[in-house]
Amino acid sequence: MVHSPRISIATALVAGQAALASIQYPVGVVNSGNIDALNFTEIFASVPDMSNTAWQRGSFYGLTTFAHAAPLRCFGADAEAGYDVAVVGAPFDTATSFRPGARFGPNGIRQGSRRLGVDRINVAAKIRVSDHLDVVDCGDVPMVFTDNKVALRQLELANAALLSRTSLRTYSGKSLAKDGKFHPRVLTLGGDHTITLPLLRGVASVYGPVSVIHFDSHLDTWKPKPMAGGPWLPDEEIPVSHGSYFWYAWKEGLLAADNANIHVGIRGAINSWQDYEDDHEFGWVISHAEDVEDVGWKGVVKKIRDTVGDNPVYITLDIDAIDPGMAPATGTPEIGGITTREIKKILQGLSGLKIVGADIVEVAPDYDTQDEITQIAAANIGWEMLALMAKTPLTE
């Protein structure tokens, strides 16, 4: 039994203490008169099995943040605090076409990240994120559930505010940003895939058009168009959805030119071959899920790198890119997807790319298994994204 004399003045041991010698913690009764003398730094200190971290008086406890990143009230009391990467949740799912529930994705992904840590070494990536980046979790952006336009505007403004700051760290060399400054990066936890449009608007305002690496089973470049007999009147705008946001991104000039954007993991059904022709017109190259089987993960990595070149890169990953046997909790599952091992190898193969931001979307925890495999998969993917950011500063 370990007992510290420094806390004995505030603890009266119960009778029969000797009989409890086999118990691996001191049993005592606190003397309220000496409560201020308790040394919580020691009481809450790390133990050999690393099941607890060193307690600090200024820390938050009981909060589940992404990979144990420090919680920060980025839009409130801590607005002036510095950081290099902000993790933020986007609880939005009212532009889905099939199963809703991704509004609960941010907390689900955080739940899946409890065994990860920004201060732990990613062995395969050979890096500890916290050695290179100060990562904070800003919580969720408050997004209304009854008006998509308002909700997406709330996210766009919040994302822009995070990106507008100056990052905690600066680097030798010229920044990629148009203003020459070093800005924080944002890892967003969705939320349905519609959220990528306002996020890309923020990134493009800082860096200009970016190459997008889009992991998904669907193209998401469908052009909104009235359907004969459809519910929209001739003068009404068809709203953006999680299947059309990339068409808007192309139309707004947010995507890199010359087909320097790539879909990875595509395998969903299409309405006609015109969908593929339109997709190419809108700036994309396609890597199908079957490519992992045909050319291997190294072949997929080569195609990605050949496509995006040296451009600033934004990564967006729909969890349905992963096979539903390993990630069932999503709105539009498609069989025959990428495995969790393959996605880790593909992401690690992108080391050296200049990642200006990333998101993980379409995690709907209510459809997950009891052991939370989708949420755990999504969290690990986010951890790999942070490793990519940590490896390469945003310099020319």
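Please read all numbers here as calculations on a predicted model, not as lab measurements.

A closer look at the pattern of salt bridges
At step 1: Tallying each qualifying case throughout the model produces 12 salt bridges.
At step 2: For Asp131, the salt bridge identified is with Arg128, shortest N-O distance 3.4 Å.
At step 3: In this structure Arg128 comes out as partly exposed when scored by relative accessible area, which is 30%.
At step 4: Put simply, Arg110, Asp137 and Asp140 are held in one network by salt bridges that share partners.

Points about the side chain of Lys354
At step 1: Mapped onto the elements, Lys354 comes out in strand 13 (residues 354-361).
At step 2: Buried and unpaired, Lys354 has Asp310 as its nearest opposite-charge partner, separated by 6.2 Å.
At step 3: Among residues more than four places away in sequence, those in contact with Lys354 are Leu176, Asp310, Asn311, Pro312, Val313, Thr392, Pro393, Leu394, Thr395 and Glu396.

Structural notes on a positive patch on the surface
At step 1: The grouping of Lys126, Lys298, Lys345 and Lys391 at the surface amounts to a positive patch.
At step 2: Tracing the backbone shows Lys345 in helix 8 (residues 340-348).

Some remarks on the pairing of strand 10 (residues 261-266)
At step 1: Most of strand 10 sits out of view: 6 of its 6 residues are buried.
At step 2: Here strand 9 (residues 211-215) runs beside strand 10; their pairing, made up of 3 bridges, is parallel. Looking at strand 10, one finds that Phe215 is bridged to Val264.
At step 3: A crossover links strand 9 with its parallel partner strand 10, the connecting element being helix 5 (residues 245-251), and its sense is right-handed.

Scoring rules and cut-offs
- Residues numbered from 1 in each chain as written.
- Predicted model: local features only at pLDDT ≥ 70, side-chain atom pairs only at ≥ 80, totals over all residues.
- Heavy atoms only, no water.
- Salt bridge = Lys/Arg side-chain N within 4 Å of Asp/Glu carboxyl O.
- Buried < 20%, exposed > 50% of the residue type's maximum accessible area, 1.4 Å probe, protein only.
- Helix = DSSP H or I, 4+ residues; strand = E, 2+ residues; numbered from the N terminus.
- Lys, Arg positive; Asp, Glu negative; His and termini not counted.
- Contact = heavy atoms within 4.5 Å.
- Patch = residues over 30% accessible without salt bridge, like charges linked within 9 Å, V, L, I, M, F, W, Y side chains within 5 Å.
- Areas by Shrake-Rupley, 256 points an atom, 1.4 Å probe, with all protein chains shown as cover.
- Charge placed at Lys NZ, Arg CZ, Asp CG, Glu CD.
- Pairing = 2+ DSSP bridges.
- Right-handed = clockwise from strand over helix to strand, strands pointing away.

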